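# Structural description and commentary
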Amino acid sequence: MNLLLMGNPNVGKSVVFSRLTGVHVISSNYPGTTVEFTKGYMHFDEKTIEVIDVPGVYTLEPVSKAEEVACEMLDADNVVINVVNATNLIRSLNLTLQLIKKKIPMIIALNLWDEAKHTGIQIDVEKLQQILGVPCIPICALTGEGFKGLVLKIKDAKPGAYEYEEHERLHEAGNITESVEKITHRHHKLSEQLRDATISPVRGSLIALIVLFYTFQIIRFIGEGLINHVFTPLFENLWTPLMLHVSSLFGGVGFIHDIFIGRLIDGKIDYNQSFGLLTTGMFIEFGVVLPYVFAFYIILSFLEDSGYLPRLAVLSDNIMHRLGMHGMSIIPMMLGLGCNVPASLSTRIMDTKRERFIASTLMAIAVPCMAQIAMVVGLLGKHGEAGLWIVFVTLFAVWIVLGVILNRVMSGESTEMFLEIPPYRFPYLPGLIKKVWMRIIWFIREGVPWIMVGIFIANILHTSGIIEVIAKFTQPVICGIFGLPVEAAGALLIGFLRKDVAVGMLAPLGLTLPQLIVSSVVLTMYFPCVATFSILLKELGIRDMLKATGIMIISSLLVGGMLNLILGQCGWMIR
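Our subject in this report is the structure included herewith. (Residues numbered from 1 in each chain as written. Predicted model: local features only at pLDDT ≥ 70, side-chain atom pairs only at ≥ 80, totals over all residues. Heavy atoms only, no water.)

### Some thoughts on the environment of Phe255
For clarity, the cut-off: Helix and strand labels come from DSSP, where a helix needs a run of H or I of at least four residues and a strand needs a run of E of at least two; each type is numbered from the N terminus. Buried, partly exposed and exposed residues are distinguished by accessible area as a fraction of the type maximum, computed with a 1.4 Å probe on protein chains only: under 20%, between the cut-offs, and over 50%, respectively. Contacts are residue-level and defined by heavy atoms, with any inter-residue pair within 4.5 Å sufficient.
Relative to the elements of secondary structure, Phe255 occurs in helix H10 (residues 255-260). Owing to a relative accessible area of 44%, Phe255 belongs among the partly exposed residues under this scheme. Distance from Phe255 to Lys47, taken between C-alpha atoms, is 57 Å for residues 208 residues apart in sequence. Not counting chain neighbours up to four residues away, the residues in contact with Phe255 comprise Ile460, Thr463 and Ser464.

### A word on helix H19 (residues 448-463)
Defined as follows: To estimate how far a helix should reach, multiply one less than its number of residues by 1.5 Å.
Helix length check: H19 (16 residues) gives 22 Å between terminal C-alpha atoms against 22 Å at 1.5 Å per residue, within 8%. Directly after H19, the chain includes Gly465, whose backbone phi takes a positive value near 85°.

### As for the nonpolar core
Defined as follows: Nonpolar cores are built from buried Ala, Val, Leu, Ile, Met, Phe, Trp, Tyr and Cys residues. Side-chain atoms within 4.5 Å join them into one set.
If you look at the biggest cluster of nonpolar residues, it comprises 110 residues, and the most contacted ones within it are Tyr297, Met325, Met333 and Phe443. Not counting residues up to four positions away in its chain, the partners in contact with Met325 are Met320, Met333, Met350, Glu355, Ile358, Ala359, Leu362 and Ser414. Counting 39 residues, the second largest nonpolar core, distinct from the first, contains Val69, Ile108, Val125 and Cys136.

### Describing the pattern of salt bridges
Put simply, the rule reads: When a carboxyl oxygen of Asp or Glu lies within 4 Å of a side-chain nitrogen of Lys or Arg, that pair is called a salt bridge.
Tallied over the full model, the rule gives 13 salt bridges. Between Lys13 and Asp53 there is a salt bridge, and its shortest N-O distance comes to 2.7 Å. Highlighted residues: Lys13 in helix H1 (residues 13-20) and Asp53 in strand S4 (residues 47-53), separated in sequence by 40 residues. As far as burial versus exposure is concerned, Lys13 and Asp53 are alike and both buried. Between Lys435 and Asp305 there is a salt bridge, with its nearest N and O atoms 2.7 Å apart. Within this pair, whereas Lys435 is found in helix H18 (residues 429-446), its partner Asp305 is found in helix H11 (residues 277-306), the two being separated by 130 residues in sequence. On the accessibility criterion, Lys435 (18% relative accessible area) is buried.

### Some details on the pairing of strand S1 (residues 2-6)
Selection criterion: One bridge is not enough; two strands pair if DSSP finds at least two bridges between them.
With 4 of 5 residues buried, S1 is to be regarded as a mostly interior element. Relative to S4, S1 runs parallel, the two being bridged by 4 bridges. Residue pairing across strands places Leu5 opposite Asp53, the latter belonging to S4. Pairing between S1 and strand S5 (residues 79-85): 4 bridges, direction parallel.

### Here's the deal with helix H9 (residues 201-249)
Every α-helix carries 3.6 residues per turn, so stepping three or four residues along brings you back to the same face. The test is simple: Here the bend at a residue is taken as the angle between two axes, fitted respectively to the seven residues that end there and the seven that start there.
For H9, spanning 49 residues, the distance from its first C-alpha to its last is only 63 Å, which falls clearly below the expected 72 Å at 1.5 Å a residue. The largest bend in H9 amounts to roughly 45° and is located at Trp239, with the proline Pro241 lying one to four residues further along.

### A closer look at unusual backbone geometry
Phi is positive for Asn10, which is not a glycine, with a value near 65°. Positive phi outside glycine occurs at Lys103, with the angle close to 60°. Within the secondary structure, Lys103 sits in the loop between helix H3 (89-101) and strand S6 (106-111).

### A few points about the packing of aromatic side chains
Note the threshold: Each Phe, Tyr or Trp ring (for Trp, its six-membered ring) is paired with any other whose centre lies within 6.5 Å, and the angle between the two planes then decides the class: stacked below 30 degrees, edge-to-face above 60, tilted in between. Sitting over a ring, as applied to charges here, requires NZ of Lys or CZ of Arg to be within 6 Å of the ring centre and within 35 degrees of the ring normal.
Within this structure, the stated rule accounts for 8 aromatic pairs. Both rings, one in Tyr271 and one in Phe283, keep their centres 5.1 Å apart while their planes meet at 20°; by these two values the pair is stacked. Taken as a pair, Tyr271 in the loop between H10 and H11 and Phe283 in helix H11 lie far apart in primary sequence, 12 residues in all. Residue class for Tyr271 comes out buried when judged on its relative accessible area of 4%. By relative accessible area, Phe283 is classed as buried at 8%. Through successive ring pairs, a cluster of aromatic residues spans Phe235, Tyr271 and Phe283. Above the ring of Tyr164, the side-chain terminus of Lys101 is found at 4.7 Å from the ring centroid.

The following block contains the structure:
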């Protein structure tokens with residue numbers, strides 16, 4: 001027997017799952033799909049049973065891949081715990097009645113019971129049990145209230161006895177709710193007023209800007225703190241001596257040495273310039289990317305579990321639809337500002353291949369990572385704020401315009417977003433920690449191998465001199481269209497390995513402010529770093545990745561050329 005947790009999105013299933021299972025849980029894709037589900041184990045009736053957190057759905061009449069997977073998981077040998085939002089019973093009962101039709105043993109967990117009481121909602125649990133014919137247990141997943149009774153009732157799970165005509169399902173859900181629910185009048189508390197404000201177009205947008213500003217400040221603080229005070233010292237004090245010893249075994253030079261160790265800088269390993277698979281490659285993954293991934297996953301999980309992220313998705317849904325996506329695509333865009341690698345992986349939350357392609361392409365072209373943003377600020381900041389404004393406003397305009405174009409030229413439509421908005425809650429910390437840990441393990445398992453392969457190939461191109469040949473071949477474009485000096489060609493090509501390092505390589509070239517602006521924009525747009533490229537290749541496939549690459553190259557040529565012309569005409573204004 002397996003235990004399936006089923007319910008609408010954002011009804012607290014993940015917290016219920018964390019309460020029921022132990023530390024060791026597994027996140028994996030359903031066979032043949034990119035739809036994720038999580039499974040763990042719990043002890044019940046002197047044996048161990050598997051608990052599966054089924055993807056959240058609103059209906060068993062599948063219109064998305066997640067709903068198809070949820071339907072395929074239903075089996076008569078399993079027991080379903082239907083997690084219901086007690087604060088919105090009528091919506092949850094739509095799925096409950098469909099589960100009853102399946103004649104599968106089930107029990108109902110009325111989650112957010114404390115929140116229902118706070119908002120003046122009273123539910124007659126005994127009457128609800130009699131009507132549906134299955135056990136109903138009030139719980140609060142956040143505090144653990146009611147979980148002992150929930151576990152004890154698993155053995156009493158049974159198929160529901162409620163009979164209804166399929167075309168009357170929504171009407172029946174309303175009738176049941178009306179007969180068991182009583183609502184008393186209450187004045188809105190401050191927290192409830194905040195909920196309304198955060199989905200208001202005007203006030204919600206202002207709050208979102210404030211939240212995002214402080215989110216990135218915290219992420220940068222955590223990420224840079226880990227890089228500067230934990231990972232860089234670890235690499236310098238522990239990994240560097242080992243790599244120098246390996247370097248001496250290779251004789252300090254040679255093709256194989258340069259592939260794995262890289263080129264020594266004044267007899268030393270420089271993680272920013274050596275470009276070896278075991279030096280710069282390892283440092284990119286674990287010394288630069290992982291700290292930002294960790295920081296982003298902490299904040300992302302906090303925003304999810306606190307209830308703010310669904311509101312941000314609702315707030316951004318209108319503009320995202322104009323770009324060919326729905327509101328949940330705000331997540332890859334947010335992640336991309338920290339690191340494009342987890343952002344590329346997170347595009348799996350989109351429902352269709354079309355939406356995943358648009359989200360991945362826009363993120364790779366117009367969303368610079370935190371490390372690159374820091375380098376651009378350092379490069380242009382000394383010239384004042386004008387140059388920074390031009391760079392980031394240009395990238396935002398590219399993001400909007402390119403999204404509108406892709407939405408119009410690509411066949412298909414962006415799917416609707418059906419999202420439950422949960423109440424604001426302080427996150428359940430053990431569940432949050434477990435979620436972050438699972439995501440980090442998932443990133444290491446899914447992303448690291450592909451990144452290493454990509455860095456290995458890029459190192460061969462760099463060591464064999466192919467990148468230098470490409471740089472010379474592209475000089476007419478870089479000098480003619482972008483108006484940059486010949487020396488900038490190498491820096492832009494190195495951006496394929498590490499974009500933040502490439503930005504730093506522009507500093508000693510003595511570029512004018514217009515040239516710095518053009519090079520910063522082109523470097524962001526023309527191609528993702530090798531780590532992101534490797535993940536995008538895995539997620540999109542070769543054919544779609546070639547399409548995305550073509551879009552990147554064409555858009556960077558057009559935008560870079562236009563910027564060069566415009567800044568050349570009015571360059572006196574920003575010098």
